[in-house]
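# Examining the three-dimensional arrangement
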Amino acid sequence: MSHHLDDHELASAAVGGPLESERLAHLEGCVSCRRSVKLFLDHVENRRRTMEEETPNWDDHLAEVLGSLPSVPAAPISIRRRWLNPLLAAAATITIAVGAGMFVHKSGPAPAPTPRPEIAIEEILAQADSLLAEDGILDFDVLDNITDDDLTALLGTQNS
Amino acid sequence: MTAASHQPALNERELVDRAKGGDREAFGMLVTRYQRRVWLVCRQYVGADEADPASQEALIKAYTRLDAFDGRAAFSTWVTRIAINTCLDLLRKRRREGLRLVETDGDDHSPSLDIPDERAGPEEQARQRQTIARLREAEEGLSDRQREVFRLRFYAQMNLEEIADSLNVHTGTIKTLLHRAVHRLRRELGDIR
């Protein structure tokens, strides 16, 4: 004869779980194992019966329920609810979209980003200053040598 | 006289359809079929004292939400789910209000409620009373989920598939939880014969 069912196998037997055929055969033939399973189930059944004693009078219970039902079937409310949430969600989306659009329009187009100069401006200005500081700038030496009288005579000729 | 009373042999689907149309008698027939189940489920969550109002609230909710019942699950499963959610809402409300929470037990621990089999002799009755108290105590040592599944299976007498559907978990998970619960309870009660 095979050995008795272990605790897990007995638990499995108590809940109607699967047992290997050999173990099932043992259970069917073993008074001790069957008694162990039955004893537990009897304890549970005793406790369940205590709960049955607490159950209400079912006619009264039914009357309480029927007496508290709303007079109008709930279907119209539920249909309204079914559409209400998607409708509110759509309205909120449109409102947000329109609001955002108006805000963008009011603010004007975003300014184009300023291109970063490849040569530093300070460097260019420094080069220009150094050139202007030199006396002998090409094509400007004529003006350097001219006298005020010459200039007056020249301007008087152009005006006449 | 309503439509339901003309055809006493209406099946569940027909009763639901009629109740959706406002036939209270048809809904009453559904309540008659399932109020015991709903009450026993509520009993496991909120205890005996609050099982009556909780189960009534659950059944009224079911009526007001009948249009949401699409018939994919059995009506019994659907109404059981509503009962469980109603009880969980009640327990959350209790927690918010700072009232004593009995969600882990659902019992009021009154020894007078441990009613043994009256057919048994005095000694046997005393032994049964002791065993019931030990079992109830041992259930407290289970995890919340194990206790919930154990009670729905053995006290609310739901089958594994119904429990799985009602709690929205796989049947395999229910089997595992139940096995562990029974294994632990058997160990706790080991010396009681």
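What this report covers is the structure whose coordinates are included nearby. Source: prediction; values computed, not measured.

### A look at a nonpolar patch on the surface
On the surface, a cluster of nonpolar side chains totalling about 310 Å² of accessible area is made up of Ile94, Val98 and Met102 of chain A. Structurally, methionine 102 of chain A can be placed in helix H5 (residues 75-107).

### Structural notes on the pattern of salt bridges
One pass over the structure, following the stated rule, counts 18 salt bridges over all chains. Two residues, glutamate 9 of chain A and arginine 23 of chain A, come together in a salt bridge whose shortest N-O distance is 3.2 Å. In this pair, glutamate 9 of chain A is assigned in helix H1 (residues 7-14) and arginine 23 of chain A in helix H2 (residues 21-29), connecting sequence segments 14 residues apart. Across the pair, arginine 23 of chain A and glutamate 9 of chain A agree in class, each one buried. Ionic pairing is found between glutamate 52 of chain A and arginine 36 of chain B, a salt bridge with its closest N-O pair at 2.1 Å. Taken together, the positions of glutamate 52 of chain A in helix H3 (residues 31-52) and arginine 36 of chain B in helix H3 (residues 24-46) put the pair across two chains. Judged by relative accessible area, glutamate 52 of chain A falls into the partly exposed class, the value being 21%. One network of salt bridges, with partners in common, ties together Glu45, Arg48 and Glu52 of chain A together with Arg36 of chain B.

What counts and how
Residues numbered from 1 in each chain as written. Chains lettered and ligands numbered in written order. Predicted model: local features only at pLDDT ≥ 70, side-chain atom pairs only at ≥ 80, totals over all residues. Heavy atoms only, no water. Patch = residues over 30% accessible without salt bridge, like charges linked within 9 Å, V, L, I, M, F, W, Y side chains within 5 Å. Areas by Shrake-Rupley, 256 points an atom, 1.4 Å probe, with all protein chains shown as cover. Salt bridge = Lys/Arg side-chain N within 4 Å of Asp/Glu carboxyl O. Helix = DSSP H or I, 4+ residues; strand = E, 2+ residues; numbered from the N terminus. Buried < 20%, exposed > 50% of the residue type's maximum accessible area, 1.4 Å probe, protein only.

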